[in-house]
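The chain contents come next:
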Amino acid sequence: MTLSNKHILIGITGGIAAYKICELIRKFKKSNADVKIVCTPNSLNFVTKLTLQNLSQNEVFVQEFDVKNWKPEHISIADWADIFLIAPASANTISKIANGISDNLLTSIACAFSKKMIIAPAMNFNMWNNEAIQKNLNRLRCRGAEILEPESGFLACGYTGKGRLCGVNKIFDSVIEALKYSSVLQGQKVIVTAGGTIEEIDPVRYISNYSSGKMGLAIANSAYNMGAEVVLITTKDCDVPYKTIKVKSALDMQKVLNEEFNNANLVVMAAAVADYRVKNYSEQKIKKSNEETLTIELVKNPDILTELCKHKVNQIVVGFCAESENLFENAKIKLEKKGCDFLVANDISRQDIGFNSDENEVIIFSKEGNVQKFDKAPKKIIAREILEWINTK
Ligand code: CTP
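Residues numbered from 1 in each chain as written. Predicted model: local features only at pLDDT ≥ 70, side-chain atom pairs only at ≥ 80, totals over all residues. Heavy atoms only, no water.

(A) Focus on the overall build of the protein chain. Within the protein chain, the regular secondary structure consists of 13 helices and 20 strands. Overall, the C-alpha framework of the protein chain stretches about 80 × 50 × 45 Å when taken along its three principal axes. Residues classed as buried in the protein chain amount to 49% of the 393 residues present. Pairs at least 24 apart in sequence give 66% of the contacts found in the protein chain among residues at least 6 apart. As displayed, the protein chain offers around 19600 Å² of accessible surface, 48% of which is attributable to carbon and sulfur atoms. (Helix = DSSP H or I, 4+ residues; strand = E, 2+ residues; numbered from the N terminus. Buried < 20%, exposed > 50% of the residue type's maximum accessible area, 1.4 Å probe, protein only. Contact = heavy atoms within 4.5 Å. Areas by Shrake-Rupley, 256 points an atom, 1.4 Å probe, with all protein chains shown as cover.)

(B) Local environment of the site of the ligand. Taken together, 15 residues lie around the ligand, and Met 269, Ala 271, Phe 320, Lys 334 and Lys 338 are the ones closest in. Ala 271 has a polar backbone atom sitting 2.8 Å from an oxygen atom of the ligand. Pro 302 has a polar backbone atom sitting 3.0 Å from a nitrogen atom of the ligand. Protein contact buries 77% of the 570 Å² of open area that the ligand shows by itself. Of the residues forming the shell around the ligand, the biggest block, four residues, is contributed by strand 17 (residues 316-323). Within the shell around the ligand, the residues separate by chemical class into 10 nonpolar, one polar and four charged. (Near = heavy atom within 4 Å. Polar contact = N/O pair within 3.5 Å; in protein donor to acceptor, adjacent residues only side chain to side chain. Nonpolar A, V, L, I, M, F, W, Y, C, P; charged D, E, K, R; others polar.)

(C) Layout of helix 5 (residues 105-112). Taken across its eight residues, helix 5 has six buried, putting it largely inside the fold. Backbone nitrogen of Leu 106 and a side-chain oxygen of the N-cap are separated by 3.1 Å at the start of helix 5; the cap is Asn 104.

(D) Quick look at the packing of aromatic side chains. In the structure shown here, the tally under the stated rule is six aromatic pairs. Considering the side-chain rings of Phe 28 and Phe 172, the 5.1 Å spacing of their centres and the 35° angle between planes classify their relative orientation as tilted. Here the residue Phe 28 occupies a position in helix 1 (residues 20-30), and Phe 172 occupies one in helix 8 (residues 168-181), the gap between them amounting to 144 residues. For Phe 28, a relative accessible area of 0% translates into the label buried. (Phe/Tyr/Trp six-rings, centres within 6.5 Å; stacked < 30°, edge-to-face > 60°.)

(E) Representation of the sheet that holds strand 5 (residues 116-121). Taking strand neighbours across the sheet as the criterion, the six strands line up as 3-2-1-4-5-6 in an open arrangement whose pairing is parallel. One side of each edge strand has no neighbouring strand; the edge strands of this open sheet are strand 3 (60-61) and strand 6 (146-147). Pairing of strand 2 (residues 34-39) with strand 3, which is carried by two bridges, proceeds in the parallel orientation. Following the sheet pairing, Ile 37 is matched in strand 3 by Val 60. Where helix 2 (residues 49-56) meets the sheet, it contacts strand 1 (7-12), strand 2 and strand 3, and its direction lies at approximately 165° from that of strand 2. Against the sheet, helix 3 (residues 73-80) contacts strand 1, strand 2 and strand 3, and its axis sits at roughly 130° relative to strand 1. (Pairing = 2+ DSSP bridges. Axes fitted to C-alpha atoms, helices over the stretch in contact; angles between N-to-C directions.)

(F) View of the pairing of strand 18 (residues 342-347). Among the six residues of strand 18, five are classified as buried, and the element is accordingly described as predominantly covered. Sheet analysis places strand 17 next to strand 18, joined by six bridges and oriented parallel. For Cys 321, the partnering residue across the bridge sits in strand 18 and is Ala 345. Handedness of the β-α-β unit built from strand 17, helix 12 (residues 327-338) and strand 18 comes out right-handed. (Right-handed = clockwise from strand over helix to strand, strands pointing away.)

(G) Structural view of a nonpolar patch on the surface. Taken together, Tyr 276, Leu 294, Ile 296 and Leu 298 make up a surface patch of nonpolar side chains, about 370 Å² in accessible area. Summarising the element assignment, Tyr 276 is placed in strand 15 (residues 276-278). (Patch = residues over 30% accessible without salt bridge, like charges linked within 9 Å, V, L, I, M, F, W, Y side chains within 5 Å. Salt bridge = Lys/Arg side-chain N within 4 Å of Asp/Glu carboxyl O.)

(H) Expanded view of unusual backbone geometry. Cis rather than trans, the peptide bond between Ala 87 and Pro 88 has omega equal to -10°. By the element assignment, Pro 88 lies in strand 4 (residues 83-89). Of note in the backbone geometry, Asn 5 takes a positive phi value of approximately 70° without being a glycine. Examined against the element boundaries, Asn 5 turns out to sit in the segment before strand 1. For Asn 5, a relative accessible area of 72% corresponds to the exposed category. Not every positive phi belongs to a glycine, and Asn 326 is a case in point at roughly 45°. Along the polypeptide, Asn 326 turns up in the loop between strand 17 and helix 12.

Printed below as a string of structure tokens:
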């Protein structure tokens, strides 16, 4: 793949693996990318500015107040870059950027950067396993950063364990992958629903289902990484860098969807919406009676997907369906009955995929009769495959 016109910013922090980045810069340059390097002062103990300058064929940035034009350096460099790769990322820099500390040029750029960030940590294995570092990495993941986990092996500190910078080829491929997809949904508003709805019985009890919301979250994350403006309507708590609206019941979800729907381009209904809700919600906790049985009357919830499809103008609407038998037949019937453009079907009778799992295997049907199977893979991969496939149809 040629990377002409792509602007790659590489942040190098103080760690022995810094020397490996020289090879990476060469690979990007050979693919015609425009590469700029920002170094922490400590990283220059491991590689020289001159080496990096020669390899990147660009000035290497270190000092924050070495101002050359009217725009502060950390802002103009952040504006220039299509992607920000930090490799190797030390425990110190990871913790600083996770907490918004901006005490050098690299951390200031990270703070001002709103596009795709890839972080490749490298450190001693005890530092890697430190709870504080893992928490900070999770904070960065939640903000949309991709973390390329270190590998296990012999470490420069003399120990063996997890902490080696992952392979240069893996970093290279991840950057290419991210750049390839980064603008596929640019300018589009994508609404995703996720999680099982909660239908309350009384102030302490409810009816719900086992949906974890992971598939919907993966779709929302992928859409965001593809450049979309994302609105995630979910029953689960999540910390993400785009708009989320937390809801409980099917009726709440429908109300919010209706408010967001008009200017949407794509709606993905990955939520497991309860088909029924309690007819008479009890304001007070229902007390145990002397009877052996208790009957709770349920009434049908609106079918949100069907209602949306009745009112859609240019929006593309995608439904999900969870089936425990006759997946093909049931999916085709549902697609037609609900009136959506696509239906993603998964088999919930399998323990290794779907509900609560981190992996999925799906078959997607289009209203034109196209069918595509995506083999078992992490939900993150399946999510991207679904969005890409829909986008080409
Ligand atoms: N759905 C919806 N409103 C409902 C029920 C389902 O919008 N009241 C949506 C789901 O978000 C999903 C699709 O319809 O995108 C299919 O959901 P599924 O539970 O598989 O189908 P149901 O219509 O509920 O049919 P059944 O439970 O009988 O299989």
